[in-house]
Amino acid sequence: MFYEPEKNDHGLARPPFKSVVVPRAIGWLSTLSSDGVPNLAPYSQFTNLTFEPPYVLVSINQNHLQNRKDTTVNIEETGEFVHNMVTYDLRHKMNITACEFEPGVDEFEKAGLTKAPSRLVRPFRVAESPVQFECKYVQTIRLPGEGRSGTVDVIIGKVVGVHIDDAFITPEGKIDILKIKPLARMGYSDYTYVDKVFEIPMSDMDGIREDRSLGLEGAAGTMPRIR
C-alpha cells in the first residue's frame, strides 16, 4: 500500500500514520497557570532530544475550538513544567486528565491524584508517578496544520531536575523498567506497556574500540574525544 497524506488516499477505515509510529512515550505534563491553577494533561507526541544537557520535546496540537491548549499557554507564561511518567497502574487516571476540561479545573483533583511539591520549579509533580522531570521552558516552534486541530506547538524544555522512586532502582544501580511498566501510546485508542526487556550489545564492525555504550546511557561526556 502507498498513500499521500495530503490526499488521504490510503483507502483504510481510519488513518494509519499514528499507528505505525509506535510505541510512543506519553508526556504527562503538569503546569501552573499564571494565576496559580494546577493543570495536568497527557501528550503522546513526546520524546527526549539529547542528554548533555537533557532536553525534552512535546508537540501539542490546538484543541477542537482551534485554541491553544492550557498546557501550552501555561508553559509559555510561567516558563516551567513537569513531566510525570505514566505507568500501567496509572492508565485510568491518565485517561481522565486527557479530557478537555474548562480552564481553571484542577485535573489532579478530577483524577484523584496527589500533588507533590517540586524542588526547582513551581508546578506540582504527580506523587503516584515513579519518575518525574522538572523542566524549564526553552522555546516553541509553531507549525501550521490543516483542519480544526492540525496546527501544533512544538515545545522544547530543559530538564533541570529528575526524581526517581528508590523502589524502582535495582541493586546494580539500573532502573527496573519491568517493575515500573511504563505506558506507551499506539494508534486509535490502543496502548501498550513495557513487559519485556532484552539487550543487544553494540557492534564493533566499524573498528572504533572506545566504549560507546556510555553515549547510550547519556554519559558521553566521560568518553575520550575523537580528534
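Residues numbered from 1 in each chain as written. Predicted model: local features only at pLDDT ≥ 70, side-chain atom pairs only at ≥ 80, totals over all residues. Heavy atoms only, no water.

**Quick look at the side chain of Arg 24**
On the secondary structure map, Arg 24 appears in strand S1 (residues 24-25). Here Arg 24 occupies a buried position and makes no salt bridge, while the nearest side chain of opposite charge, Asp 190, is found at 10 Å. Only 2.7 Å separates the side chain of Arg 24 from the backbone oxygen of Lys 18, close enough to count as a polar contact. Ignoring any residue separated from it by four or fewer positions in sequence, one finds Arg 24 in contact with Lys 18, Ser 44, Ala 184, Arg 185 and Met 186. (Helix = DSSP H or I, 4+ residues; strand = E, 2+ residues; numbered from the N terminus. Buried < 20%, exposed > 50% of the residue type's maximum accessible area, 1.4 Å probe, protein only. Lys, Arg positive; Asp, Glu negative; His and termini not counted. Salt bridge = Lys/Arg side-chain N within 4 Å of Asp/Glu carboxyl O. Polar contact = N/O pair within 3.5 Å; in protein donor to acceptor, adjacent residues only side chain to side chain. Contact = heavy atoms within 4.5 Å.)

**Describing the pairing of strand S9 (residues 131-143)**
Two strands pair when backbone bridges link them, and strand S6 (residues 80-84) and S9 are joined in this way by 5 bridges, in the antiparallel orientation. When the bridges of S9 are listed, Phe 81 appears paired with Cys 135. Of the pairings in the sheet, the one linking S9 to strand S10 (residues 152-164) comprises 12 bridges and is antiparallel in character. Each bridged residue has a counterpart across the sheet, and for Lys 136 the counterpart in S10 is Lys 158. (Pairing = 2+ DSSP bridges.)

**What to know about unusual backbone geometry**
Trans is the prevailing form of peptide bonds, just as negative phi is the prevailing case for residues other than glycine. With an omega of -10 degrees, the peptide bond running from Val 22 to Pro 23 counts as cis. Turning to its location among the elements, Pro 23 is positioned in the loop between helix H1 (17-20) and S1. A cis amide bond, omega 0 degrees, links Glu 52 with the succeeding residue Pro 53. The topology assignment puts Pro 53 in the loop between strand S4 (46-51) and strand S5 (54-61). Its identity as a non-glycine residue notwithstanding, Asn 8 has a phi of 55 degrees, on the positive side. With respect to the secondary-structure elements, Asn 8 resides in the segment before H1. One non-glycine residue, Lys 181, lies in positive phi territory at about 55 degrees. On the secondary structure map, Lys 181 appears in the loop between helix H5 (177-180) and strand S11 (183-185). Note on Lys 181: relative accessible area 24%, which makes it partly exposed.

**Quick word on the packing of aromatic side chains**
On inspection of all chains with the given rule, the structure shows 1 aromatic pair. Ring geometry for Tyr 88 against Tyr 193: centres 4.5 Å apart, planes inclined by 45 degrees, an arrangement best described as tilted. With Tyr 88 in the loop between S6 and helix H3 (91-97) and Tyr 193 in strand S12 (residues 191-193), this pair connects stretches of sequence that are 105 residues apart. By relative accessible area, which is 31% here, Tyr 193 ends up partly exposed. Sitting above the plane of the Phe 168 ring, Lys 179 keeps its charged end 5.5 Å from the centroid. Above the ring of Tyr 191, the side-chain terminus of Arg 185 is found at 4.5 Å from the ring centroid. (Phe/Tyr/Trp six-rings, centres within 6.5 Å; stacked < 30°, edge-to-face > 60°. Lys NZ or Arg CZ within 6 Å of the ring centre and 35° of its normal.)

**Thoughts on the sheet that holds S12**
Backbone hydrogen bonds are what pair the strands of a sheet, in a parallel or an antiparallel way. Read from one edge of the open sheet, 3 strands run S1-S11-S12, paired in antiparallel fashion. Looking along the sheet, the strands with just one partner apiece sit at the ends: S1 and S12. Here S1 pairs with S11 via 2 bridges, running antiparallel. Bridging from a neighbouring strand, Arg 24 pairs with Arg 185 of S11.

**Focus on the pattern of salt bridges**
Overall, the coordinates contain 7 salt bridges when judged by the stated rule. Taking the shortest distance from any N to any O, the salt bridge between Glu 4 and Lys 7 comes out at 3.2 Å. With a shortest N-O distance of 3.1 Å, Asp 153 and Arg 68 are connected by a salt bridge. Here the residue Asp 153 occupies a position in strand S10, and Arg 68 occupies one in the loop between S5 and helix H2 (70-78), the gap between them amounting to 85 residues.

**Let's talk about a nonpolar patch on the surface**
Side chains of Val 162, Ile 164, Ile 169 and Ile 175 sit close together on the surface and give an oily, nonpolar patch of about 290 Å² of accessible area. Within the secondary structure layout, Val 162 lies in strand S10. (Patch = residues over 30% accessible without salt bridge, like charges linked within 9 Å, V, L, I, M, F, W, Y side chains within 5 Å. Areas by Shrake-Rupley, 256 points an atom, 1.4 Å probe, with all protein chains shown as cover.)

**Points about the sheet that holds strand S3 (residues 38-43)**
Strands sit in the order S3-S2-S6-S9-S10-S5-S4 across an open sheet of 7 strands; the sheet is antiparallel. Lying at the two open borders of the sheet, with one neighbouring strand each, are S3 and S4. Averaged over neighbouring strand pairs, the angle between their axes works out to 35 degrees when direction is ignored. Where S4 lies against S5, 5 bridges are found, and the strand directions are antiparallel. Each bridged residue has a counterpart across the sheet, and for Thr 47 the counterpart in S5 is Leu 57. Lying over the sheet, H2 contacts strand S2 (27-32), S3, S5, S6, S9 and S10, oriented at roughly 55 degrees with respect to S2. (Axes fitted to C-alpha atoms, helices over the stretch in contact; angles between N-to-C directions.)

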